[in-house]
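Listed below, chain by chain, are the residues.
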Amino acid sequence: MPQIRPITDLRNTNEMSEICHSKKEPVFITKNGYGDMVLMSMETYEHLINGIEMDNAIAEAEAEYAAGAELLDAREALASLRRKHFG
């Protein structure tokens, strides 16, 4: 379940840091009862960004396929790369 905390809780930086690292999910910060910010650990942020990058790569590959790009056999493509870069 997501953590929702008031902005005044940011005064206790150690506690907020512990929450972010222990829950491994974003903490939503409110100001005057409305959503204002999201706080998360660097590990959680990197995990989120890696997932987005992977989704974007898959979407790009699907778009290329839909546009009629040539499909390559994975084993052949990897063998070709090995020959090219490792002799």
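As a reminder, the structure under discussion sits directly above these lines.
Criteria and thresholds
Residues numbered from 1 in each chain as written. Predicted model: local features only at pLDDT ≥ 70, side-chain atom pairs only at ≥ 80, totals over all residues. Heavy atoms only, no water. Core = buried A, V, L, I, M, F, W, Y, C linked by side-chain atoms within 4.5 Å. Buried < 20%, exposed > 50% of the residue type's maximum accessible area, 1.4 Å probe, protein only. Helix = DSSP H or I, 4+ residues; strand = E, 2+ residues; numbered from the N terminus. Contact = heavy atoms within 4.5 Å. Pairing = 2+ DSSP bridges. Right-handed = clockwise from strand over helix to strand, strands pointing away.

Draft legend 1. Region of interest: the nonpolar core. Core analysis: the biggest nonpolar cluster contains five residues, these being Met16, Ile19, Cys20, Val27 and Ile29. Per element, the largest residue contribution to this core is three residues, and it comes from helix 1 (residues 13–23). For Ile19, the residues in contact, after removing those within four places along its chain, are Gln3, Arg5 and Val27.

Draft legend 2. Focus on the pairing of strand 2 (residues 27–31). Note that strand 1 (residues 3–6) and strand 2 share four bridges and pair parallel. Following the sheet pairing, Ile4 is matched in strand 2 by Phe28. Regarding topology, helix 1 serves as the crossover connection from strand 1 to the parallel strand 2, and that connection is right-handed. Taken together, the five bridges between strand 2 and strand 3 (residues 34–39) define a ladder with antiparallel strand orientation. Within the sheet, the bridge partner assigned to Lys31 lies in strand 3 and is Tyr34. Counting the residues between successive antiparallel strands, the hairpin from strand 2 to strand 3 contains two residues, one of them, Asn32, with a positive phi of roughly 55 degrees.

Nothing here speaks to function; it is geometry throughout.
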